[in-house]
Amino acid sequence: MSLRVEGLGKRYGDTVVFSGVSLRVEPGEFVAIVGESGVGKSSLLNCLAALDDWSEGTITHNGTDLNGLDDTQRAHWRREHLGFVFQAFHVLPHLDIAQNVGLPLLLLGRPDAARVQAMLEAVGLGALGARLPAELSGGQLQRVAIARALVHRPGLLLADEPTGNLDPRTAAQVMDVLQQQAADSGAALVLVTHSATAAARAQRVLHLTANGLQAGPAG
Ligand SMILES: Nc1ncnc2c1ncn2[C@@H]1O[C@H](COP(=O)(O)OP(=O)(O)O)[C@@H](O)[C@H]1O
Ligand SMILES: [Mg+2]
């Protein structure tokens, strides 16, 4: 999955969040986007996921121009090609762990219990599939979210502050799992974070400002 972003801009009403954002991510690449709180990191990631509209510019995934897709087509595109890991985990409380991980496959009409179990084992939770989310720690829940994000073999994995709710030691373990699983699956990984430690793992670090993305370390 190659990602091409050209001249992307985002406004809320009259307020410009960012403009002139251009980015290329190659298949299997790991790119971190850093920037201070409020600069628009989550807004940018939500645009890359076509979860939100942008004001100008183009986003192309593997040759598919997202500008040309309506909301239903964008939803189908997301289901097939995208995994997303959020700061707040967003697991469904009434489904058990295996059901949470299997949800993307169910939505695609391709349930696969063996694949779900393999993903649970890959993130170190092979014995916990029958538990409910309330019975897991934050670090374990984020590993559930990583398994869910990759279970359907998406080409692109987006992660928004995935360690923001975790203590440093747990954060490092979760980043190990995220990085390893993205690499094993061949997915491109775009990580948004204000953690310099997490960003330092990436092959490239880009700094988001109101005027676009610049190469270089966190400011
Ligand atoms: N739905 C929204 N409506 C209006 N303004 C928003 C909305 N979402 C975010 N913003 C504003 O856009 C800016 C960027 O927010 P965000 O993308 O969450 O930044 P970051 O993730 O870097 O902290 C902030 O000033 C925020 O208040
Ligand atoms: Mg944010």
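Above this note sits the structure.
Anyway, here's the lowdown on the structure attached to this text. (Residues numbered from 1 in each chain as written. Chains lettered and ligands numbered in written order. Predicted model: local features only at pLDDT ≥ 70, side-chain atom pairs only at ≥ 80, totals over all residues. Heavy atoms only, no water.)

**Digging into the layout of surface pockets**
Consideration 1: Of the volumes computed, that of the largest pocket is approximately 480 Å³.
Consideration 2: The wall of the largest pocket is formed by 16 residues, among which Arg-78, Leu-82, Phe-84, Pro-104 and Leu-107 lie closest to the centre.
Consideration 3: Taken together, the elements giving at least two residues each to the lining of the largest pocket come down to α2 (71-81), β6 (82-85), α3 (97-107) and α5 (138-150).
Consideration 4: A class-by-class count of the residues in the lining of the largest pocket yields ten nonpolar, three polar and three charged. (1 Å grid on protein atoms, 1.4 Å probe; cavity = no way out; pocket = protein on both sides within 12 Å on 5 of 7 lines; lining within 4 Å. Points joined across faces, edges and corners; volume = space filled by probe spheres on them. Helix = DSSP H or I, 4+ residues; strand = E, 2+ residues; numbered from the N terminus. Nonpolar A, V, L, I, M, F, W, Y, C, P; charged D, E, K, R; others polar.)

**Some words on the site of ligand 1**
Consideration 1: Contacts to ligand 1 come from Tyr-12, Val-17, Glu-36, Ser-37, Gly-38, Val-39, Gly-40, Lys-41, Ser-42 and Ser-43.
Consideration 2: Tyr-12 places a polar side-chain atom, nitrogen or oxygen, 3.3 Å from a nitrogen atom of ligand 1.
Consideration 3: Interatomic distance of 3.0 Å between a backbone N/O atom of Gly-40 and an oxygen atom of ligand 1.
Consideration 4: In isolation ligand 1 exposes 560 Å². Once the protein is present, 52% of that is buried. (Near = heavy atom within 4 Å. Polar contact = N/O pair within 3.5 Å; in protein donor to acceptor, adjacent residues only side chain to side chain. Areas by Shrake-Rupley, 256 points an atom, 1.4 Å probe, with all protein chains shown as cover.)

**Remarks on the nonpolar core**
Consideration 1: Core analysis: the biggest nonpolar cluster contains 39 residues, and Val-85, Val-101, Ile-146, Leu-157 and Leu-178 have the highest contact counts within it.
Consideration 2: At the level of elements, β3 (30-34), α3, α4 (113-122), α5, β7 (156-160), α6 (168-185), β8 (188-193) and α7 (196-199) are the ones that each hand at least two residues to this core.
Consideration 3: Tallying contributions element by element places α5 first for this core, with seven residues.
Consideration 4: What Leu-157 contacts, discounting residues up to four positions off in sequence, is Gly-83, Phe-84, Val-85, Ala-149, Leu-150, Leu-178, Ala-182, Ala-187, Ala-188, Leu-189 and Val-190.
Consideration 5: Residues Ile-33, Ala-49, Phe-84 and Leu-206 belong to the second largest nonpolar core, which totals 33 residues. (Core = buried A, V, L, I, M, F, W, Y, C linked by side-chain atoms within 4.5 Å. Buried < 20%, exposed > 50% of the residue type's maximum accessible area, 1.4 Å probe, protein only. Contact = heavy atoms within 4.5 Å.)

**A look at the sheet that holds strand β9 (residues 204-209)**
Consideration 1: Overall, mixed pairing links the six strands, which are arranged β6-β7-β8-β3-β9-β10 in an open sheet. The open sheet has two free edges, formed respectively by β6 and β10 (212-215), since each of these has just one partner strand. Each adjacent strand pair in this sheet contributes to an overall mean axis angle of 20°, direction not counted.
Consideration 2: Note: β3 against β9, four bridges, orientation parallel. Considered in β9, the bridge of Val-31 is made with Arg-204. (Pairing = 2+ DSSP bridges. Axes fitted to C-alpha atoms, helices over the stretch in contact; angles between N-to-C directions.)

**Overview of unusual backbone geometry**
Consideration 1: The backbone of Ala-50 sits at a positive phi, close to 55°, despite the residue not being glycine.
Consideration 2: In this structure, Ala-50 sits in the loop between α1 (41-48) and β4 (56-61).
Consideration 3: Using a relative accessible area of 7% as the deciding quantity, one classes Ala-50 as buried.
Consideration 4: Its identity is not glycine, yet Arg-153 carries a phi of approximately 55°, on the positive side.
Consideration 5: Looking at the element boundaries, Arg-153 is found in the loop between α5 and β7.

**Notes on the pairing of β8**
Consideration 1: Summarising burial for β8: six of the six residues are buried, a large majority.
Consideration 2: Side chains Ala-188, Val-190 and Val-192 of β8 all project onto a buried face; the interleaved residues Leu-189, Leu-191 and Thr-193 project onto the opposite face, where all are buried too.
Consideration 3: By the bridge criterion, five bridges tie β3 to β8 in an arrangement that is parallel. What sits directly across from Phe-30, in β8, is Leu-189.
Consideration 4: By the bridge criterion, five bridges tie β7 to β8 in an arrangement that is parallel. Bridge pairing in β8 links Asp-160 to Val-192.

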